[in-house]
Amino acid sequence: MPGQGLREGKEPRYQLGLQPKGFTDGKKIGKQTVVFHNRPVVLATASVAGPKEGKGPLGRYYDIVKEDTLFGERTWEKAEARLLEEAANLAVKKANLKTQEVDYLLAGDLLNQLIASNLAAREISIPFLGLYGACATMSEALTLAAVLVDGRYGKYALAAASSHHDSAERQYRYPTEMGNQRPPTAQWTVTGAGAALVGASGEGPVITCATVGTVVDIGLKDPNDMGSAMAPAAAETIWQHFQDTGRKPEDYDLIATGDLASVGKGIALDLLKKSGFHLGRNYTDCGVMVYDPSQDVQAGASGCGCSAIVFAGYLMKELAEGRIQRLLLVATGALLSPTSYQQGESIPCIAHAVAVENQRSVKGGAGIG
Amino acid sequence: MVDFLLAFAVGGAICVAAQLVLDLTKLTPAHIMVLFVSLGAVVSGLGLYGPLVKIGGAGATVPLTGFGHALVQGMLEDVRQFGILGLFSGGLRATAVGITSAVVFGYLMAILFNPKG
Amino acid sequence: MVKASNRQKEAYQQLLQKHTPSRPIFRNLVLAFLVGGAITTIGQGVLNFFVSQGLSPKDAATPTAGVMIFLGALLTGLGVYDKIGKFAGMGSALPITGFANSIVSPALEFKREGFVLGVGARMFQVAGPVIVYGVVSSLVVSVLHILVKGV
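Residues numbered from 1 in each chain as written. Chains lettered and ligands numbered in written order. Predicted model: local features only at pLDDT ≥ 70, side-chain atom pairs only at ≥ 80, totals over all residues. Heavy atoms only, no water.

Student: Even after reading the chapter, I still don't get the overall build of chain C, so can you show me in this structure?
Tutor: What chain C contains, in helices and strands, is eight helices and zero strands. Going from the N terminus to the C terminus, chain C shows its helices and strands as α-α-α-α-α-α-α-α. Scaling as 2.2 N^0.38, a compact globule of 151 residues should have a C-alpha radius of gyration of about 15 Å, whereas chain C reaches 21 Å, well beyond that. Principal-axis analysis of the C-alpha atoms places the extent of chain C at approximately 70 × 50 × 40 Å. Burial status across chain C gives 50% buried among its 151 residues. Pairs at least 24 apart in sequence give 49% of the contacts found in chain C among residues at least 6 apart. Within the structure as shown, chain C displays about 7,000 Å² of accessible surface, and the carbon and sulfur contribution to it stands at 69%. Taken together, the 13 basic and 5 acidic charged side chains of chain C have centroids lying 8 Å from each other. (Helix = DSSP H or I, 4+ residues; strand = E, 2+ residues; numbered from the N terminus. Rg over C-alpha atoms; globule rule 2.2 N^0.38 Å. Buried < 20%, exposed > 50% of the residue type's maximum accessible area, 1.4 Å probe, protein only. Contact = heavy atoms within 4.5 Å. Areas by Shrake-Rupley, 256 points an atom, 1.4 Å probe, with all protein chains shown as cover. Lys, Arg positive; Asp, Glu negative; His and termini not counted. Charge placed at Lys NZ, Arg CZ, Asp CG, Glu CD.)

Here's what the structure looks like:
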């Protein structure tokens, strides 16, 4: 088992990773996990949500809830870019910074050529790296932001992701006015954007480590059943995270996958149980939290915005108020394109795990390693 | 009154058949629309769709199977009148009103409305 | 694991059976019957009107199709047809009003890409295949019909 050897170290210099240092100077442990010894801080987060999301169970946690899905813009794509731009600007503002002080903007969305992020980045003058990780973008962005700040390549990095129900529908499925029935496994793309400002120091929870996922393809092809396709990727990354860090499920107050929704959530739990990890009440999925079942969303929520607004809106407040001390955010992405599934290709999926912990919890040393 | 009931029953039954295909196979609605147009053409060629129209009226002509039926009957009619060239003129002649109104009204609606999402 | 082996895929399919919610087939069929039936009944009313104006039942089918297409197009423009389709399934997709919906919805959606390459080009995203396969299959059927039964 890859993770075993890592538990035996001599100098408990860091809370995480008592591993031989080697080439990466202890920054990389196990097979796929990076450790942030300088503890980059999530200084502030911001979330902007659409009207349907605002009416959902987490509605009161979002910073801004839009009254309609176009809010004066001419196209869904521009509307999505606005969501991202507003979330990014608000996160910077909440951290009492100016955009000029932020070293990097790491953002992504679901649209072709990342057009929502590109249009948003055009309005924000922060050096920009566009990311595509489908709905796993939020944890991909958080990981890279932490890498940049932890590596002292800059003081502040802004991680953000967005999705918009209508821009996603017209690109991946059908025009929004087409009268199609949705099967019970279908998921509803979240209209919303979340942003997190990661800084080298300050108040706020810290990012301690992250596990970068591999692409997992279980051979499913149905774009109306993405939870089932993504569940193995989520389980794989969570398993690898435990192997690499030596942590156990109970070390986390909450493990939240991105958008497996009600179908994929159960599958992921079963898969992890089979490999010996019993996740219980401390496991949830952002895809089942955004909407109420009465909102006619079938299996639940999806989209880059799903884990982005749940993390930036709800989970960060839970951390701030101490109801969660240690969170593992495992955003999940289905890396398909309309071209790939029309050509009969199965759906490649990915998940990245990021551990976000209250500084108290890290200093207290919960006996990791 | 009987004609309304028959239209309801026949139209409903054809839609139920299509719904069964949707629920029991992995075909998308677009595939099923294509399938049923072709099915209508085949049944029409077998000489069975005409009687169904007599029974069901609009119940048989309004679903897309009726579109396939109209195409086949148009072709056969034109072949009778103009010979083999009728194969190429009859189909669209018989469905011209449907296709033209779809284009015209589609364009009109695109001018008048925006998608609501 | 990068790409799953066949054995893994099969094992996964078994796991899926436990978790995949079944489609509410009975409910879907009832709704498809009721809504499909209702739409064709309205069609019958339109047909009867044209017959009362002196058209033969056969000739009346053509203007009926035109009126139904207008209704489907209007309900799509008003943003109603997608809501009907959500619960009626093929009950609203299969009647010719659904054909109109499949033309108007991309026309509206891609208006933002312009009236030529948006509206004009995308209008037949779903209706195009219907016409293509309708024409090709009818041609094959007609040829066979002529070969077997004569003109």
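Next comes the rest of the account.
Student: Can you help me understand the overall build of chain A in this one?
Tutor: Helix and strand content of chain A: 10 helices and 15 strands. A compact globule built from 369 residues would reach a C-alpha radius of gyration of about 21 Å, and chain A, at 19 Å, matches this within 12%. Each of the three principal axes of chain A carries a C-alpha extent, and together these read 65 × 50 × 35 Å. In chain A, which comprises 369 residues, the proportion classed as buried is 66%.

Student: Hey, could you run me through the packing of helix 2 (residues 25-52) of chain C against helix 3 (residues 57-77) of chain C in this one?
Tutor: Relative orientation and spacing of two packed helices are given, respectively, by the angle between their axes and the distance between those axes. Residue and element names in this part refer to chain C. Two elements in contact, helix 2 and helix 3, have axes separated by 8 Å at closest approach and are oriented at 130°. In terms of axis orientation, helix 2 runs oblique to helix 3. By crossing handedness, the relation of helix 2 to helix 3 is classed as right-handed. Facing helix 2, whose interface residues are Ile39, Ile42, Gly43, Val46, Leu47, Phe50 and Val51, helix 3 presents Pro57, Ala60, Ala61, Pro63, Thr64, Val67, Met68 and Leu71. Its residues assigned to classes, the contact of helix 2 with helix 3 shows 13 nonpolar, two polar and no charged. (Axes fitted to C-alpha atoms, helices over the stretch in contact; angles between N-to-C directions. Parallel < 35°, antiparallel > 145°, perpendicular 65-115°, else oblique. Left-handed = near helix turned anticlockwise from the far one by under 90°. Nonpolar A, V, L, I, M, F, W, Y, C, P; charged D, E, K, R; others polar.)

Student: I'm lost on the domain arrangement of chain A in this one. Help?
Tutor: When the parts of a complex come together, some accessible area is lost, and that lost area is often taken as the interface size. Residues and elements named next belong to chain A. Taken as a whole, chain A is organised into domain 1 (41-198) and domain 2 (205-360). In this assembly, 52 residues from domain 1 lie in contact with 56 residues from domain 2. Broken down residue by residue, the surface that domain 1 buries against domain 2 is led by Tyr61, Cys135 and Gln187, which jointly contribute 17%. Taken together, the links from domain 1 to domain 2 amount to zero salt bridges. On inspection of domain 1 and its partner domain 2, the count reaches 21 residue pairs in polar contact (both at pLDDT 80 or more). (Domains from an automatic or database assignment. Buried area = accessible area lost by both parts, 1.4 Å probe. Salt bridge = Lys/Arg side-chain N within 4 Å of Asp/Glu carboxyl O. Polar contact = N/O pair within 3.5 Å; in protein donor to acceptor, adjacent residues only side chain to side chain.)

Student: Please clarify how helix 6 (residues 96-109) of chain C should be interpreted in this entry.
Tutor: Count 3.6 residues to each turn of an α-helix, and residues three or four apart come out pointing the same way. In this model helix 6 of chain C runs 20 Å from its N-terminal to its C-terminal C-alpha over 14 residues, within 8% of the 20 Å that 1.5 Å per residue would give. Across the 14 residues of helix 6 of chain C, 14 count as buried, placing the element largely inside the fold. (Expected span 1.5 Å × (residues − 1).)

Student: Any chance you could explain the layout of surface pockets here in plain terms?
Tutor: Empty space left among the atoms is revealed by rolling a probe the size of a water molecule over them. Taken as a whole, the second largest pocket encloses approximately 910 Å³ of empty space. Considering the residues around the second largest pocket, the lining is formed by 35 residues, among which B:Val53, B:Thr61, B:His69, C:Lys58 and C:Ala61 are closest to the centre. Counting residues per element, the ones that place at least two in the lining of the second largest pocket are helix 3 (49-56), helix 5 (64-82) and helix 6 (86-112) of chain B together with helix 2 and helix 3 of chain C. Among the elements that line the lining of the second largest pocket, the one with the most residues is helix 5 of chain B, at seven residues. Looking at the lining of the second largest pocket residue by residue, the class counts come to 14 nonpolar, 15 polar and six charged. (1 Å grid on protein atoms, 1.4 Å probe; cavity = no way out; pocket = protein on both sides within 12 Å on 5 of 7 lines; lining within 4 Å. Points joined across faces, edges and corners; volume = space filled by probe spheres on them.)

Student: Is there a simple way to explain the interface of chain B and chain C in this structure?
Tutor: Counting residues at the interface gives 65 residues for chain B, matched by 70 residues for chain C. Across the interface of chain B and chain C, roughly 5,700 Å² is buried in total on both sides, 78% from carbon and sulfur atoms. Joining chain B to chain C, the criterion identifies two salt bridges. Contributions of two or more residues to the side of chain B that touches chain C are made by helix 1 (2-24), helix 2 (29-45), helix 4 (58-61), helix 5 and helix 6 of chain B. Take the side of chain B that touches chain C: its biggest share by element is 17 residues, from helix 1 of chain B. Here the side of chain B that touches chain C is composed, by residue class, of 45 nonpolar, 15 polar and five charged.

Student: I'm lost on the pattern of salt bridges in this one. Help?
Tutor: Pairing of side chains with opposite charge becomes possible as their charged atoms draw close. All names here are of chain A. The full count for this structure, using the stated rule, is 19 salt bridges over all chains. Between Glu357 and Arg326 there is a salt bridge, and its shortest N-O distance comes to 3.0 Å. Linking Glu357 in strand 15 (residues 349-357) with Arg326 in strand 14 (residues 326-334), this pair joins segments that are 31 residues apart in sequence. Side by side, Glu357 and Arg326 carry an identical accessibility label, which is buried. One network of salt bridges, in which partners are shared, links Lys66, Glu73, Arg82 and Glu86.

Student: Please explain the pairing of strand 3 (residues 41-49) of chain A as it appears in this structure.
Tutor: Each regular strand displays side chains that alternate between the two surfaces of the sheet. All names here are of chain A. With respect to burial, strand 3 is a largely interior element, eight of its nine residues being buried. Pairing of strand 3 with strand 4 (residues 64-65), which is carried by two bridges, proceeds in the parallel orientation. In the strand pairing of strand 4, Ala49 is matched with Val65. (Pairing = 2+ DSSP bridges.)

Student: Sorry, what's going on with the interface of chain A and chain C here?
Tutor: On the chain C side, the residues contacting the 36 residues of chain A number 38 residues. For the pair chain A and chain C, the interface holds four salt bridges. A salt bridge links C:Glu109 to A:Arg170; its shortest N-O distance comes to 3.0 Å. Elements supplying a minimum of two residues to the side of chain A that touches chain C: helix 6 (226-245) and helix 7 (261-274) of chain A. Element by element, the count of residues in the side of chain A that touches chain C is highest for helix 7 of chain A, at six residues. Split into classes, the residues belonging to the side of chain A that touches chain C amount to 16 nonpolar, 11 polar and nine charged.

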